[in-house]
Every structure is written in C-alpha cells, then in structure tokens.
Protein chains: 2
Amino acid sequence: MTRPAKRITSEDVARLAGVSRTTVSFVLNNRPGQSIPEETRRRIFDAAKTLQYRPHASARSLAAGRSDIVLLSIPDLPIGSGISRYIEELAAALAENGLTLVTHLEGAHGRPVADVCATVAASAVIGLLPFTREAAAALHSAGAVAVLPPHAGEDLEIMEPVGHAQATHLIDRGHTQLGYALPAHTALKPMGDERLRGANSACAAAGLPAPLALSTSLEIADAAAAVRQWLDQGVTGVCAFNDDTAIAVLAGLREHGLSAPGDLAVVGADDIPTARLASPPLSTVAFDLHQAGARQAAAVVAALAGQDHDLGTTEGSLRVIQRASS
Amino acid sequence: MTRPAKRITSEDVARLAGVSRTTVSFVLNNRPGQSIPEETRRRIFDAAKTLQYRPHASARSLAAGRSDIVLLSIPDLPIGSGISRYIEELAAALAENGLTLVTHLEGAHGRPVADVCATVAASAVIGLLPFTREAAAALHSAGAVAVLPPHAGEDLEIMEPVGHAQATHLIDRGHTQLGYALPAHTALKPMGDERLRGANSACAAAGLPAPLALSTSLEIADAAAAVRQWLDQGVTGVCAFNDDTAIAVLAGLREHGLSAPGDLAVVGADDIPTARLASPPLSTVAFDLHQAGARQAAAVVAALAGQDHDLGTTEGSLRVIQRASS
DNA sequence: GTGAAAGCGCTAACAT
DNA sequence: ATGTTAGCGCTTTCAC
C-alpha cells in the first residue's frame, strides 16, 4: 500500500535494451574509455526513456562512494535577498557539472551541519562563513570529501573589496573623514570586519585616517546614537555594512531631523530591492552574484576532483550604484 | 589519499560490543517489539560512541527504502527574511521527529525539484507554493512518499487570514474605502490573490466595498502611479501584500509630497526588520512562524506515517503591529 | 534474546 | 564490446 509502484531498476532497462546492467551503467554514466557502439547506446537511452528510469540515488552513492550532492550551509543570520540570487547561480553552475545543491539553514534548534551532511551523504559542503577547524573535521568524518572554503577567510574574499569600493566611492566624492557602520548582530561580525578592513586599506591608500567604526542594530534609536557620534567626530560620509544597516543609518539621520547626503553621505552594500525605495534612495555597491556562484562552483568541482584551485580574482564583479544618498 | 579514513561500519560496533550486526541495528534503531537486555543495549551504545559510529545514510535508505530526508522546495521569488525563520522552525520541529530538512531553491537554471528529490532520496517534499498535479506526480515517481501540501491552496491557508487582519485593522480605524497593493512579480501572484481574498471578505463582512486592488513593482514611479489612482478613487487606507510592497507605497506617497497615515494609511505584512526603519515606521501584520513550522512538521510526520492530518487552525498566530503608518 | 543470511539497486574489477 | 561477479553498509525475515 505504501509503495504500490515498483521501482524501475537498471535491470529493467537492461532487459528492454537487450544488454547487461553493466552496459547500461557504462552508457548512462557516460564512462570514459569505453567504446560502445552508437547503436547500443541509443537502444539503452531509448529504453531508459520509455521506462522513465531514474537511478536510485542511495544505491548509486552506496556503490560508488560518491553522491554528487553538495550541501550549502547557511549560518543563522539575517541574510538579505541577495543571498538567494547567489544560491541560484551556484546551484545552476553546479548542475552543469552534474552536481545537485541543497541548502541547510543552521538554526539554534536544528541539527548540526555535520549531521545533515551525513544524512544526505553530501560529498561536498560549502560554508557561507568559514568553518572552524573542528567543524571542518566533523564534516570530513561525516563523509564530506570536500569542505569549502578550505582555508578560513577565503570565502570572505569578496567582502574586503566591497569595503574598499565603498570607501573609495566616498573618498572620490571628497570625503576625508569616514565612518563605518558595522552590524550589531554578532554572527555578522566576521563579514563586517572584513568589509571594514577593505575600507581601512582604501583610506590608508589615500593618506586618510581609518574610518570611525561604530556598530548599530536595526533600531532607530541605536542608529541615531551612532549618527550623533559620527557627526561629533567630524565624519561626513559613512559606509554601511549592508543596505539594511545603511537604511538604519538613514533612519537615524531622520531622527535628528537631518538627511543624506547633506549632513552625512551614506553608502550601503548588496543593492537590495528596497534600497532604491529608501529616503533618499540609497547608494550601494552591488556585486556580481552570478560570477561569485560560478567561481564557487568551479572551486567545488576542483576540490571534488582532488585538485587545488585558485579562486581567481574578484576583478570587475563590483559595481557601485550611485543614488541620492551620497 | 582521497579517502584515507576507512568508514566505521556497524560491523565494527558489533565486534566491539561482542554482538551481531543485527542486534546493533535493533538497538540503535530502537526497534519496537524486541526485548534486549539493558546490559547489551548499553554495551552497544558505548561501542558506538567510542567508535564515533555514524550509520551510512545511503546504505540505510537503500536497505530501508526510506530516507528521513525532507525536502523543502522554495520557488524562485523574492523572499523576505521571514521565510528563513519559518524554515528554521520547520527544521527544528522535523528534527525532533528524526527528520532532516534540506531546502532547494527552484531557479530558472537549476534542476527541477523532482530531480533534486530523486538525488537526495527525499521521502517527503514540501512546497512553499502548492505543486501542480503533474509536479506532484513527478515527485512521487521520483521516490517521494509524501508531497505537501496534498491539496492545492492548503499551504496558502495562512495567506487569507493575513489579508483579513490587514483590512480589519484599517476598518477598525475608520477607513471605509480600502486599496490593496498587489506585487507585480508574477510568482507572487497566488499569494497576493489569497491575501486579497482575505481583505475582500473582511470588507464584505463590514458592509464595505471590496478594496481597490492595484499591483505595483518595487519602483518608485510605479508605486506613485498606484498611489495617485487610489487617491483619485477616494481610497484612504491601503493594505500591501508584504512589507516590501508597503515600503514602495510609502515611497510613492513621498514622491507626491504626501505621507502616511495622513494622506493614505498603509499596513504591510511580514514584519521585516526594516519595517520599523521606514518613514514613517510601518504598521504590519506578523505571523507566528514558530507555530506555522511546527504545524507543517506535524503534517509531514503524519503524511509519512500514511495518515491524513488536519492542519488545524491559524487561530492566534497573527498579530498586527501598529506603528506610525496607519 | 541473538545470529545467519538474503537482499536493497547500483558500480567496477575482472573475465570473455 | 559486453557480460559475470563481487561487493558497498545496512535492514529484516527467519531460525536457533
């Protein structure tokens, strides 16, 4: 009753095509180094199609020791909608390599990522934030062949250029005293620090003092306090960790009866849909999720093949979008 | 090199505990109807622990025919951060039943959800939006034992009450001519229609005409046009499909030099973090994701057990948050 | 109460 | 070029 439809196995396909299961496996998996006549090939494909054959994933991965499943672990943090674009791109790029992406949201009450990794038999797992050494070890012992990023910080690579671009934008517009709005959420801290680092280097390169970094929650009062402080210190432009934080800064300004960019210029990051709806419309630096996803996919494929892989450069993937706030 | 660590199998555990693999399986899976001495049980648990034994998921699901994996399919639509709360709750509730949740973002270029379902050998798949009859069939033939929601619209159940609550809020505040801001994004249409339906019924119940429904993108000009139309028609309060859309409406008002709630009251839905940062802070109706997740989990568990399950009521899971915009 | 043995559906040496 | 065969690690029926 529970399982009325008997599964179609490769045996069925073999029988219909008049060959052995081995041949079916070879053809369907397109194994290299085999010379199988076009004719046989076609018969097998046809048989598989008419039978609507779907290889049993568990059986396959049990036998092969690999699973073609890639797990993306998303930490429990307030992520903007941008991330879903990234996931889509990543999934698409992986799919082109025959890999399937599934994602796991690390929640406080959910199960540890290593458990999930083991349960789905993922052969690779990607962390949005780098894994600690212990976490990585746990993942490996949970069966993951590849764990990315392999070295802490590598995935944050895109973060630093963002901060750099933000600061540069403001510097180009004549600001000499910058501020940086860090997110209050602790899980976001690593990312925030990375972006701040980028801003620092941009200032240093321009012979300017480092930005005055302040962290703020998404509460108006909190943001208003930060704004007060920046203004008191002579800051004229602030880069925000992301657009949400930038919108908070804008709200903080409004709270004081001030506004951007006159009293304080502000530039966000991520280009969320509501950025242009802000008052005033928010300047922001957007990055090329498509490229990021494709690059990450390439790294996974390489890691799965046991090769080291250079992530390449971020060149050209950032774009600053100038709106009224700066 | 690629696989230096030999897997720890149940055989190892059996050996260390001095029993057979059968017994290990019985104990570790806590199979009912077996009377195994506490002593033996303990030995097995200990052995498993010291060996750090992790059952091989693929082998298990191959043999058992079930996988304990639940796949959540998320359609390609601009989702707010609220959804991740829901996913977390759902994952936690499923975890309590020994089920593991993974999610798949349906992208234009990704693979079809049925493929993913087959690849991960999910035994249940949940759609955020209902599946078409064909899609559900494909999922079943991909190995899914349960596909939810079983009947179109059931998952949208929460949508209608939202619209109802929004309209009621405005009606309570004396508005008699309502507007409804539908999202322009086509993928969001089903949800939007459902919420609108709820608003319609609230108006009908109050003896008022149905809300003037207009759809708007997240572009200021677009929203401004809608605002113009509402105002021309004598609308004094509008419910927006979600907070993003509501923020667009606020921006549209601003574009005309007007503001909420004086010129037009507006109430959103979802209570996104930036709702309170809007100008003016946005009134919104929030719903209890925790409860929604737990209920969905219960439905999955029931479906997996082959039982029909009543989703229960939405009673008390909605909360309207009054801020300055209404 | 516990163990032996037969698969689950597939892959991959090894034969032919 | 194709078939034979032996597992992958686990569950589960059936004897003991």
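Residues numbered from 1 in each chain as written. Chains lettered and ligands numbered in written order. Predicted model: local features only at pLDDT ≥ 70, side-chain atom pairs only at ≥ 80, totals over all residues. Heavy atoms only, no water.

**What to know about the protein's contact with DNA strand C**
- Around DNA strand C, 26 residues are found, and the nearest of them are S10(A), R21(A), Y53(A), S20(B) and S35(B).
- Taken together, the sugar and phosphate atoms account for 62% of what DNA strand C places within 4 Å of the protein.
- In this structure, N29(A) approaches DNA strand C through a side-chain N or O atom, which is 2.9 Å from a phosphate oxygen.
- Counting residues per element, the ones that place at least two in the surface near DNA strand C are α2 (21-28) and α4 (57-64) of chain A together with α2 (21-28) and α4 (57-64) of chain B.
- Looking at the surface near DNA strand C, its residues break down into 10 nonpolar, 12 polar and four charged. (Near = heavy atom within 4 Å. Polar contact = N/O pair within 3.5 Å; in protein donor to acceptor, adjacent residues only side chain to side chain. Helix = DSSP H or I, 4+ residues; strand = E, 2+ residues; numbered from the N terminus. Nonpolar A, V, L, I, M, F, W, Y, C, P; charged D, E, K, R; others polar.)

**Overview of the side chain of T103(B)**
- Locating T103(B) in the fold gives a position in strand β2 (residues 100-105).
- For T103(B), a relative accessible area of 5% puts it in the buried group.
- Apart from residues no more than four positions distant in its own chain, T103(B) is found in contact with V102(A), T103(A), L71(B), L72(B), I74(B) and I87(B). (Buried < 20%, exposed > 50% of the residue type's maximum accessible area, 1.4 Å probe, protein only. Contact = heavy atoms within 4.5 Å.)

**Digging into the interface of chain A and chain B**
- Listed by partner, the interface residues are 58 residues for chain A and 58 residues for chain B.
- Across the interface of chain A and chain B, roughly 4700 Å² is buried in total on both sides, 59% from carbon and sulfur atoms.
- If you look at where chain A meets chain B, you find four salt bridges.
- Measuring nitrogen to oxygen at the nearest pair gives 2.9 Å for the salt bridge that ties R54(A) to D115(B).
- Counting across the interface, chain A meets chain B through 13 residue pairs in polar contact (both at pLDDT 80 or more).
- Among the secondary structure elements, those contributing two or more residues to the side of chain A that touches chain B are α4, β1 (69-74), α5 (82-95), β2 (100-105), α6 (113-120) and α11 (243-255) of chain A. (Buried area = accessible area lost by both parts, 1.4 Å probe. Salt bridge = Lys/Arg side-chain N within 4 Å of Asp/Glu carboxyl O.)

**With respect to the domain arrangement of chain A**
- Assigned domains of chain A: these are domain 1 (10-63), domain 2 (69-154) and domain 3 (157-288).
- Summarising the inter-unit geometry, the C-alpha centres of domain 1 of chain A and domain 2 of chain A are found 31 Å apart. (Domains from an automatic or database assignment.)

**Regarding unusual backbone geometry**
Residues and elements named next belong to chain B.
- That bond from A260 to P261 is cis: its omega, 0°, falls within 30 degrees of zero.
- Residue P280 is reached from S279 by a cis peptide bond, and omega for that bond is -5°.
- Mapped onto the elements, P280 comes out in the loop between β8 (265-269) and β9 (283-287).
- The backbone of D271 shows a phi angle near 55°, a positive value even though the residue is not glycine.
- In this structure D271 comes out as partly exposed when scored by relative accessible area, which is 22%.

**Description of the protein's contact with DNA strand D**
- In the vicinity of DNA strand D, 27 residues are found, and the nearest of them are S20(A), S35(A), S10(B), R21(B) and Y53(B).
- Near the protein, meaning within 4 Å, the atoms of DNA strand D are sugar or phosphate in a fraction of 62%, with bases accounting for the rest.
- The backbone of A59(B) places a nitrogen or oxygen atom 3.4 Å from a base nitrogen of DNA strand D.
- Counting residues per element, the ones that place at least two in the surface near DNA strand D are α2 and α4 of chain A together with α2 and α4 of chain B.
- Looking at the surface near DNA strand D element by element, the count peaks at four residues for α2(B).
- For the surface near DNA strand D, the per-class residue count stands at 10 nonpolar, 13 polar and four charged.

**Re helix α11 (residues 243-255) of chain B**
Residues and elements named next belong to chain B.
- The end-to-end C-alpha separation of α11 is 18 Å, in line with the 18 Å expected for 13 residues at 1.5 Å each.
- In terms of burial, α11 is largely enclosed, as 11 of its 13 residues are buried.
- Buried residues along α11 sit against β5 (178-183), β6 (212-216), α10 (220-232), β7 (237-240), β8 and β9.
- In this structure N242 caps α11, since a side-chain oxygen of it lies 3.3 Å from the backbone nitrogen of D244.
- Where α11 terminates, the next one or two residues include G257, which has phi positive at roughly 75°. (Expected span 1.5 Å × (residues − 1).)

**Structural notes on the sheet that holds strand β5 (residues 178-183) of chain A**
All names here are of chain A.
- Pairing is mixed in the open sheet, where six strands are placed in the order β6-β5-β7-β8-β9-β10. Looking at which strands have only one partner, the edges of the open sheet turn out to be β6 (212-216) and β10 (318-321). The sheet shows a mean angle of 20° between the axes of neighbouring strands, direction not considered.
- Sheet strands touched by helix α9 (residues 189-205): β5, β6, β8 (265-269) and β9 (283-287). Its angle to β5, the strand with the most contacts, is close to 170°. (Pairing = 2+ DSSP bridges. Axes fitted to C-alpha atoms, helices over the stretch in contact; angles between N-to-C directions.)

**Digging into the pattern of salt bridges**
- By the definition in use, this model includes 26 salt bridges over all chains.
- One salt bridge in this structure joins E89(A) and R85(A), with 2.8 Å as the shortest N-O distance. One end of the pair, E89(A), and the other, R85(A), are both in helix α5, four residues apart, so they sit about a helical turn from each other.
- When its relative accessible area of 15% is taken as the criterion, E89(A) is described as buried.
- Between K189(B) and D193(B) there is a salt bridge, with its nearest N and O atoms 2.9 Å apart. With a gap of four residues between them, K189(B) and D193(B) both fall in helix α9 (residues 189-205), about one helical turn apart.
- Of the residues examined, D193(B) reaches a relative accessible area of 26% and is grouped as partly exposed.
- A single network of salt bridges, built from pairs that share partners, joins E39(A), R42(A), R43(A) and D46(A).

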